[in-house]
Amino acid sequence: MSVNASGWTPRAPEATEGEAQTWTGNRALMLEEALIFEMDCEKGSGVDLEPSGAASALPDGLLRNRPIGLPGLSEPETVRHYTRLSRQNYAIDLGLFRSARAR
Amino acid sequence: VVTEPVALGLIKSPGEMGADIVVGEGQSLGVGLQFGGPYVGLFACREKHVRQMPGRLAGMTSDAREARLRADAFDPRAAYPAREGDVEHLHQFRLCALAFTIHMTLLGETGLRKLAGTNHAAAARVARRLGQVNGVELVNGNYFNEFTLKLAKPSRQVVRDMANKGVLGGVSLGRLYPGESELENGLLIAVTETVQTDDETALVTALEEALA
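Residues numbered from 1 in each chain as written. Chains lettered and ligands numbered in written order. Predicted model: local features only at pLDDT ≥ 70, side-chain atom pairs only at ≥ 80, totals over all residues. Heavy atoms only, no water.

1. Regarding the interface of chain A and chain B
Move 1: Chain A puts 41 residues into the contact, and the matching count from chain B is 41 residues.
Move 2: Both sides of the chain A and chain B interface together cover about 3500 Å² of buried area, and 56% of this is carbon and sulfur.
Move 3: Counting across the interface, chain A meets chain B through two salt bridges.
Move 4: One salt bridge in this structure joins A:Arg66 and B:Glu16, with 3.5 Å as the shortest N-O distance.
Move 5: Counting across the chain A and chain B interface gives 22 residue pairs in polar contact (both at pLDDT 80 or more).
Move 6: Split into classes, the residues belonging to the side of chain A that touches chain B amount to 19 nonpolar, eleven polar and eleven charged. (Contact = heavy atoms within 4.5 Å. Buried area = accessible area lost by both parts, 1.4 Å probe. Salt bridge = Lys/Arg side-chain N within 4 Å of Asp/Glu carboxyl O. Polar contact = N/O pair within 3.5 Å; in protein donor to acceptor, adjacent residues only side chain to side chain. Nonpolar A, V, L, I, M, F, W, Y, C, P; charged D, E, K, R; others polar.)

This is the structure in structure tokens:
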């Protein structure tokens, strides 16, 4: 008597057009995480600071007159971004780890 | 050019003013004092000089499937640690760099601008108050959050007297440049967003008493 009397065997569907794409861009545990500069959050900030007065001891010609170019994430957005990045780390707790001493 | 990064929220970038290579100390953004170190150094240059930079550049590259990867992207002049103890040093530096990066993300564009303004306003306020103390002359006309005072007495003793009263009142130039008679009365003061009105009053009072 055969162990598999039905004769059925598992088989994966054949890929016809390259690799399957997912809606999020994530592939299993390979998470796609945008750069903070690509996130749509220019005006926000994760800290509360009071506006201060005009610069009194700096020459006018040195004062910044254009944006720095930094994004503005809120505190939860910042925490989530770096937590997601931390899950991409490879470390001694996940597998073999080559010490820099051995180079 | 050497710069204090918080100042860049208020003043033009060194690159905009013509600098090709800029270095700075990143301790003031997210890194604790830690009894003097380790801290995080900042190093920037124009793209034409990038192959002459020491160390390695962490950044982004892509794999064979054109997927983005974060990695040590470029290390033509990396010096990998080989001496005993260097591994820990490298990891401590990376933790400082991570703390700096997260702190900068939290601040963002508006946060860094406000932080710079707060630092400068506090420094200007403290400089004005200290400049009114008898025996004190403000040396700098222009500054961001650090300025130098010229005292009527050698500053090393003044700093000791203030410390005996529980006030760490700045860095004596006489200690940094021993034997330079022109600098022995100099006192370097830094004021940041962490300074409260009570701290300012304690400093002014301690300096008045030390110079009396």
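On we go from here.
2. Thoughts on unusual backbone geometry
All names here are of chain B.
Move 1: With an omega of 0 degrees, the peptide bond between Gly 37 and Pro 38 qualifies as cis.
Move 2: One can find Pro 38 in the loop between strand 2 (21-25) and strand 3 (41-45).
Move 3: Backbone geometry at Gln 34 places phi at a positive 50 degrees, although glycine is not the residue there.
Move 4: For Gln 34, the location among the structural elements is in the loop between strand 2 and strand 3.
Move 5: Judged by its relative accessible area of 37%, Gln 34 is partly exposed.
Move 6: For Phe 35, which is not glycine, the phi torsion reads 55 degrees and is therefore positive.
Move 7: Take Phe 35: it is sitting in the loop between strand 2 and strand 3. (Helix = DSSP H or I, 4+ residues; strand = E, 2+ residues; numbered from the N terminus. Buried < 20%, exposed > 50% of the residue type's maximum accessible area, 1.4 Å probe, protein only.)

3. Concerning helix 2 (residues 155-164) of chain B
Residues and elements named next belong to chain B.
Move 1: Of the positions making up helix 2, those classed as buried are Ser 155, Val 158, Val 159 and Met 162. Projected onto a plane normal to the axis of helix 2, the buried residues spread over an arc of 100 degrees and lie on a single side.
Move 2: Within two residues after helix 2, Gly 166 carries a phi angle of roughly 85 degrees, on the positive side. (Arc of directions from axis to C-beta.)

4. Some remarks on the layout of surface pockets
Residues and elements named next belong to chain B.
Move 1: In this structure, the second largest pocket encloses a volume near 1400 Å³.
Move 2: Around the second largest pocket sit 39 residues that line it, and Leu 33, Val 171, Ala 190, Val 191 and Thr 192 are the ones nearest its centre.
Move 3: Elements supplying a minimum of two residues to the lining of the second largest pocket: helix 1 (86-131), helix 2, strand 8 (171-172), helix 3 (173-176), strand 9 (186-190) and helix 4 (197-211).
Move 4: Of the residues in the lining of the second largest pocket, the class split is 17 nonpolar, 13 polar and nine charged. (1 Å grid on protein atoms, 1.4 Å probe; cavity = no way out; pocket = protein on both sides within 12 Å on 5 of 7 lines; lining within 4 Å. Points joined across faces, edges and corners; volume = space filled by probe spheres on them.)

5. Description of the pattern of salt bridges
Residues and elements named next belong to chain B.
Move 1: Across all of its chains, the model carries eight salt bridges over all chains by this definition.
Move 2: Here Arg 125 ties to Glu 200 by a salt bridge, and the two come within 2.6 Å at their closest N and O atoms. Remark: Glu 200 occurs in helix 4 and Arg 125 occurs in helix 1; sequence separation between them is 75 residues.
Move 3: Residue Glu 200 is classed as buried on the basis of its relative accessible area of 3%.

6. Brief notes about the sheet that holds strand 8 of chain B
Sheets are built from strands that pair by backbone hydrogen bonding, the pairs being arranged parallel or antiparallel.
All names here are of chain B.
Move 1: Read from one edge to the other, the open sheet built from four strands follows the order 6-7-9-8, with strand pairing classed as antiparallel. The sheet terminates laterally at strand 6 (136-138) and strand 8, the two strands that pair on one side only.
Move 2: Alignment of strand 6 against strand 7 (residues 146-151), held across three bridges, turns out to be antiparallel. Pairing of Val 136 across the sheet is with Leu 151, part of strand 7.
Move 3: Against the sheet, helix 2 contacts strand 7, strand 8 and strand 9, and its axis sits at roughly 50 degrees relative to strand 9.
Move 4: Running over the sheet, helix 4 touches strand 6, strand 7 and strand 9 and is turned about 20 degrees from strand 7. (Pairing = 2+ DSSP bridges. Axes fitted to C-alpha atoms, helices over the stretch in contact; angles between N-to-C directions.)

7. A closer look at the packing of aromatic side chains
All names here are of chain B.
Move 1: In total, this model carries one aromatic pair over all chains according to the counting rule given.
Move 2: Where Tyr 143 meets Phe 147, the ring centres are 5.4 Å apart and the plane angle is 55 degrees; that geometry is what we call tilted. Pair check on accessibility: Tyr 143 and Phe 147 agree, each one buried. (Phe/Tyr/Trp six-rings, centres within 6.5 Å; stacked < 30°, edge-to-face > 60°.)

8. A look at the confidence of the model for chain B
Move 1: Residues of chain B with pLDDT of at least 70 account for 92%, and the chain-wide mean is 89.
Move 2: Across the assembled chains, the prediction reports ipTM 0.80 with pTM 0.82. (pLDDT = per-residue confidence, 0-100.)

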